[in-house]
Amino acid sequence: MTHVGSRLAWSFATYVLLLAVVVTATVFLLRRQHDDGLVVNLSGRQRMLTQRMTHQLMTYAARADAGADAADARQRVRTTMRVFETTLDALASGGPAPIDLQLASFRDCPPASRTVARRLEVVRHLYASYRHAAQSILEGTPEARRAGIETITTLETELLGEMDTAVTLLQREAEAKVSELFVIQGVALLASLVLTLLLVRWVRSGVTAPLEKLREAAEEMSLGNLHKTVPVAGAAELRSLAESIERMRTSLRTLLEDRAPERERDSVAVEMSDW
């Protein structure tokens, strides 16, 4: 047997609990999405860096073959390669990734999922061959440079294709998280509707319906009908009120029944006085 206050408290507590669950799940998903934009952006930048490295290596090879000073070109290639390698490690295993191409600022990336990590491992394998060819261009003989140029030109297309696949996978994962958020919101809406119906039914059975029955009983008593028993049901306060009204009904009925003979004698006396 519960009290009205307890029913209302449970109702509010249930809604608060549902709200807390929804907020917690939403915050959890939003935190997971927090770095999605950064990861997709860095993955897309890897494509640009691949093309940039190839262009810089070809520029260096041309200047070196022409006998010109290419020290600055070599340094630019090494910087770009370092940015590419650091970013690739961060995307695959998590950790700081350079935000700019001068390695001046970094931002932590979360570890990749198993699917994306496998794809990045393919990229890493291709890049190992690409890096070996790049070293031949930067440090080797003219013949080694020409062979290296042919190798990086071939590998560039494969690297770009693998990075495109990785970017697509990352984008799908980000979209899946958004879909999960919509699912959570939809489930929360459905749960709130079901909970509302259950709570309305609970409150009606424990408060509204018993109050209506008490009103009907009081109406009957006001019309002089003291033979109908007052129903005792609902929350504790309403049951206590119904029991009090029932005792009052019983007392009134007993009082009227006890005074019935006296009223009959008075009625006979009045009639005889008219004779």
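Caption draft 1: Molecular detail of the overall build of the protein chain. Looking only at helices and strands, the protein chain features 6 helices and 2 strands. The helix and strand sequence of the protein chain, counted from the amino end, reads α-α-α-β-β-α-α-α. For the protein chain, the exposed area adds up to about 16,600 Å²; of that, 61% sits on carbon and sulfur atoms.

Caption draft 2: Here's a closer look at the pattern of salt bridges. Scanning the model with the defined rule gives 11 salt bridges in all. Between Asp89 and Arg124 there is a salt bridge; the shortest N-O distance is 2.6 Å. On the criterion of sequence distance, the pair formed by Asp89 in helix H3 (residues 71–93) and Arg124 in helix H4 (residues 114–139) is long-range, its members being 35 residues apart. Using a relative accessible area of 38% as the deciding quantity, one classes Asp89 as partly exposed. We note a salt bridge from Arg119 to Glu162, for which the minimum N-O separation is 2.7 Å. Of this pair, Arg119 sits in helix H4 while Glu162 sits in helix H5 (residues 142–222); the two residues are 43 residues apart in sequence, bridging distant segments of the chain. Each of Arg63, Asp72 and Arg76 takes part in a single network of salt bridges with overlapping partners.

Caption draft 3: Main features of the nonpolar core. In this structure, Leu57, Phe84, Leu120, Tyr127, Tyr130, Ile137 and Ile152 are the most contacted members of the largest nonpolar core, which totals 39 residues. Of all the secondary structure elements, the ones that give two or more residues to this core are helix H2 (36–65), H3, H4 and H5. Those residues in contact with Tyr127 that lie beyond four places of it in its chain are Met53, Met81, Phe84, Glu85 and Leu159. One finds Ala217, Leu226, Val230 and Ala242 within the second-largest nonpolar core, a separate group that totals 7 residues.

Caption draft 4: Spatial organisation of the side chain of Glu162. Judged by relative accessible area, Glu162 falls into the buried class, the value being 17%. Excluding anything up to four places from it in sequence, Glu162 contacts Arg119, Val122, Val123 and Leu126.

Caption draft 5: Region of the structure containing the packing of H2 against H3. With their axes 9 Å apart at the nearest point, H2 and H3 run at an angle of 155 degrees to one another. When the interaxial angle is binned, H2 and H3 end up roughly antiparallel. Taken as a pair, H2 and H3 cross one another with a handedness that is left-handed. Each residue belonging to the contact of H2 with H3 can be placed in one class, and the counts come to 13 nonpolar, 6 polar and 6 charged.

Caption draft 6: Spotlight on H3. For H3, with 23 residues, the first-to-last C-alpha span of 33 Å sits near the 33 Å given by 1.5 Å per residue. Of the surrounding elements, those touching the buried residues of H3 are H2, strand S1 (95–98), strand S2 (106–109) and H4. Gly94 lies just past H3 and shows a positive phi near 85 degrees.

Caption draft 7: Highlighting a nonpolar patch on the surface. On the surface, a nonpolar cluster with roughly 250 Å² of combined accessible area is contributed by Leu19, Val23 and Val27. The topology assignment puts Val23 in helix H1 (residues 4–33). Residue classification places Val23 among the partly exposed residues on the basis of a relative accessible area of 43%.

Caption draft 8: Molecular detail of unusual backbone geometry. Despite not being glycine, Leu103 shows a phi value in the positive range, around 60 degrees. As for its placement among the helices and strands, Leu103 is situated in the loop between S1 and S2.

Caption draft 9: Main features of the packing of aromatic side chains. A full pass over the atoms with the stated rule returns 2 aromatic pairs. Relative to Tyr130, the ring of Tyr127 has its centre 6.1 Å away and its plane inclined at 20 degrees; by these criteria the two rings are stacked. With a gap of 3 residues between them, Tyr127 and Tyr130 both fall in helix H4, about one helical turn apart. Here the two residues Tyr127 and Tyr130 agree in accessibility, since each one is buried.

About the cut-offs
- Every chain is numbered on its own, with residues counted from 1 as its sequence reads.
- Residue-level local features of this predicted model are given only where pLDDT is at least 70; pairs of side-chain atoms are given and counted only at 80 or more, and the full residue set underlies all totals for whole chains, interfaces and linings.
- Note that the side-chain values use all heavy atoms of the structure and ignore hydrogens as well as water.
- The way it works is that DSSP assigns letters per residue, a run of H or I at least four long becomes a helix, a run of E at least two long becomes a strand, and they are numbered from the N terminus.
- Using the Shrake-Rupley algorithm and a 1.4 Å probe, accessible areas are obtained, with residue cover drawn only from the displayed protein chains.
- Within this document, salt bridges are pairs made up of a side-chain nitrogen of Lys or Arg and a carboxyl oxygen of Asp or Glu, the two lying within 4 Å of each other.
- Only protein chains enter the accessibility calculation, which uses a 1.4 Å probe; a residue is then buried when its area is under 20% of its type maximum, exposed when over 50%, and partly exposed in between.
- The nonpolar core is taken to be a set of buried Ala, Val, Leu, Ile, Met, Phe, Trp, Tyr and Cys residues, with the residues joined through side-chain atoms within 4.5 Å.
- Residues are treated as being in contact if the distance between any of their heavy atoms lies within 4.5 Å.
- In this analysis, axes come from line fits to C-alpha atoms, helices being fitted only over the stretch in contact, and the angle between any two N-to-C directions falls in the range 0 to 180 degrees.
- Any angle between 65 and 115 degrees counts as roughly perpendicular, while under 35 counts as roughly parallel, over 145 as roughly antiparallel, and the rest as oblique.
- Put simply, a crossing is left-handed when the front helix is turned counterclockwise from the back one by less than a right angle, and right-handed when it is turned clockwise.
- Following the grouping adopted for this structure description, the nonpolar residues are Ala, Val, Leu, Ile, Met, Phe, Trp, Tyr, Cys and Pro, the charged ones are Asp, Glu, Lys and Arg, and the polar ones are all others, Gly among them.
- How far a helix is expected to stretch is found by multiplying one less than its residue total by 1.5 Å.
- Each patch is built from salt-bridge-free residues with over 30% relative accessible area, joining like charges within 9 Å and nonpolar side chains (Val, Leu, Ile, Met, Phe, Trp, Tyr) within 5 Å.
- Pairing of aromatic rings covers Phe, Tyr and the six-membered ring of Trp, with a centre-to-centre limit of 6.5 Å; geometry is then stacked below 30 degrees between planes, edge-to-face above 60, and tilted otherwise.

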